[in-house]
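# Fold and contact review
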Amino acid sequence: MLVVYSERHLLHSPTKELWGGRPRPHPDVPDRAELILRELQDCHSVVSPGKMTRAILHGVHSAAYVDHVEACSSALSRTSEAFPFAFPRAGSAPANPVARRGFYSYDTVTPVTGGTFSAALSAAACAVSGARHVFGGRGTAYCLCRPPGHHATESTMGGYCYFNNAALAAAQTEGRVAIIDVDSHHGNGTQEIFYDTDRVLCCSLHGHPRSAFPYAWGFRGERGMGNGVGYNINVPLPGESRGGKWIRALRGLLVHISKFEPDYLIVSLGVDGLAEDRNGPLILELEDYARAGKAIAELGYPTCIVQEGGYFLPLLATCTSAFLSGWP
Ligand code: Q9C
Ligand code: ZN
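I will try to describe carefully the structure that is included in this document. If you're wondering where the values come from, they're calculated on a predicted model, not measured in any experiment.

Quick look at the sheet that holds strand E1 (residues 2-4) now. Strand order in the open sheet made by the eight strands is E4-E1-E7-E12-E11-E8-E9-E10, with parallel pairing throughout. Each end of this open sheet is capped by a strand with a single partner; those strands are strand E4 (45-47) and strand E10 (232-237). If you compare each strand with its neighbour and ignore which way they point, the axes differ by 15° on average. Across six bridges, strand E9 (residues 200-207) lies against E10 in parallel orientation. Note that in E10 the partner of Leu205 across the bridge is Val235.

Angles at a metal have ideal values that depend on geometry: 109.5 degrees with four tetrahedral donors, 90 or 180 degrees with six octahedral donors. Donor atoms from the polypeptide that bind the zinc ion (ligand 2) are Asp183 (OD), Asp183 (OD), His185 (ND1) and Asp272 (OD), placed at 2.0 to 2.7 Å. Sequence spacing of the donor residues for the zinc ion (ligand 2), all on one chain, is D-x1-H-x86-D. Classification of Asp183 by relative accessible area gives buried; the value is 1%.

Bringing the pattern of salt bridges into the picture now. Once their charged atoms are close, side chains differing in charge can pair, the charge on each being opposite to the other. Here the structure, examined in full by the defined rule, presents seven salt bridges. Taking the shortest distance from any N to any O, the salt bridge between Asp28 and Arg32 comes out at 2.6 Å. Residue Asp28 is classed as buried on the basis of its relative accessible area, which comes to 0%. For Arg32, a relative accessible area of 2% gives the class buried. Ionic pairing is found between Glu70 and Arg54, a salt bridge with its closest N-O pair at 2.0 Å. Within this pair, whereas Glu70 is found in helix H3 (residues 63-74), its partner Arg54 is found in helix H2 (residues 54-57), the two being separated by 16 residues in sequence. Here Glu70 falls in the partly exposed class, since its relative accessible area comes to 31%. Taking the relative accessible area as the measure of exposure, Arg54 reaches 29% and is therefore partly exposed.

Here the focus is the site of ligand 1. Taken together, 14 residues lie around ligand 1, and Gly159, His185, Asp272, Asn279 and Tyr311 are the ones closest in. A distance of 3.4 Å separates a nitrogen atom of ligand 1 from a polar atom in the side chain of His151. In this structure, Asn279 approaches ligand 1 through a side-chain N or O atom, which is 3.2 Å from a nitrogen atom. In isolation ligand 1 has 410 Å² of accessible area, and contact with the protein removes 90% of it. Split by residue class, the shell around ligand 1 holds six nonpolar, six polar and two charged.

Turning our attention to helix H5 (residues 116-135). Think of an α-helix as 3.6 residues a turn; residues three or four steps apart then line up on the same face. Taking 1.5 Å of rise per residue, 20 residues should cover 28 Å, and H5 covers 28 Å from first to last C-alpha, within 8% of that figure. Counting buried residues along H5, 16 of its 20 residues qualify, which places the element largely inside the surrounding structure. Directly beyond the C-terminal end of H5, a positive phi value near 80° is found at Gly137.

Below, the discussion takes up the state of the cysteines. For the structure shown, the criterion picks out zero disulfides. For Cys304, which is in no disulfide, the shortest distance to another cysteine sulfur is to Cys143 and amounts to 3.6 Å. The buried category is assigned to Cys304, whose relative accessible area is 0%. Summary of cysteine pairing: Cys319 is not part of a disulfide, and the nearest cysteine sulfur, belonging to Cys43, is at 16 Å. Note on Cys319: relative accessible area 0%, which makes it buried.

So, on to the pairing of strand E8 (residues 177-181). Burial analysis of E8 places five of its five residues in the buried class, the great majority of the element. The sheet contact formed by E8 and E9 spans five bridges and is parallel. The residue bridging Val177 from the neighbouring strand is Val200, located in E9. Between E8 and its parallel partner E9, the chain crosses via helix H7 (residues 188-193), and the hand of that crossover is right-handed. Inspection of the sheet shows E8 paired to strand E11 (residues 264-269) by five bridges, in the parallel sense. Its bridge partner being in E11, Val177 is matched across the sheet by Tyr264.

Cut-offs used in this document
Residues numbered from 1 in each chain as written. Chains lettered and ligands numbered in written order. Predicted model: local features only at pLDDT ≥ 70, side-chain atom pairs only at ≥ 80, totals over all residues. Heavy atoms only, no water. Pairing = 2+ DSSP bridges. Helix = DSSP H or I, 4+ residues; strand = E, 2+ residues; numbered from the N terminus. Axes fitted to C-alpha atoms, helices over the stretch in contact; angles between N-to-C directions. Donors = N, O, S within 2.8 Å, 3.2 Å for Na, K, Ca; no water. Buried < 20%, exposed > 50% of the residue type's maximum accessible area, 1.4 Å probe, protein only. Salt bridge = Lys/Arg side-chain N within 4 Å of Asp/Glu carboxyl O. Near = heavy atom within 4 Å. Polar contact = N/O pair within 3.5 Å; in protein donor to acceptor, adjacent residues only side chain to side chain. Areas by Shrake-Rupley, 256 points an atom, 1.4 Å probe, with all protein chains shown as cover. Nonpolar A, V, L, I, M, F, W, Y, C, P; charged D, E, K, R; others polar. Expected span 1.5 Å × (residues − 1). Disulfide = S-S within 2.5 Å. Right-handed = clockwise from strand over helix to strand, strands pointing away.

Just distances and angles here, no functional claims.
Below, the structure is given as structure tokens:
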């Protein structure tokens, strides 16, 4: 399959997250993408993405939010990082640029660095290029996006995500798209972006938000709004769930996807459900991801796979590759 990768992800290298008010090493390290690239480059053709434009970003994100990410990034040196600390619920953004950060953010694990805007743009470009390849009928694509995207909403960053790569991919067609999000955290950004449409079916399988990030979204009752009622499906599982339960729940979602009869499928692939990955809930094994990839590939839809989370470096690349081996 085609692999879309940009070395510009290296520009984003946050050193810390603030978790429970305490600094901790940031799990989204540049090595994540480098390890996956090294694993895949022998068996797949790797290409650079096409150019990203504002117009493409505006298909998903508000102009004010994109401007904020750019301005915030360019005000910083390459390595310094800015955290929000006030989260105003005002109707409009505070004029003070420092106070403004919290208006466009919902947590303290998603700092902006000098290189963040360029890197996030390159991740979005990977997803868009991969999607256009798939929608153009040229086969399966894997988009090696870093930073990830599924926690980013129209106008907020969060959960290490700045631009919603999977949503930008889905915006590259007017056809019917099903999104299956197998990252162990709920894809709240993707859910919110397509909440009121019946063009995109959003399915997410994840650790229960009563005890896992992002805490406020991902419950079963979130089923969509307006035209979108019934086109958002969440399956929260207890955080200590193992592979058997996870695969059964995944198969249930695949039945819903078949009934929807999508033209295209987008997979938000996060492998942070691995037992060894303590940044994510669930207790999964390599074989579970291999099985999941196989089950999804068997549906036979033109498929664009977008990288989300996955932080346990010794297994990250093997696990990603095990999932992708479902496709011939
Ligand atoms: N001990 C993505 O996977 N940290 N974002 C939770 C739990 C936040 C994950 C810490 C996880 C965000 C794209
Ligand atoms: Zn995750």
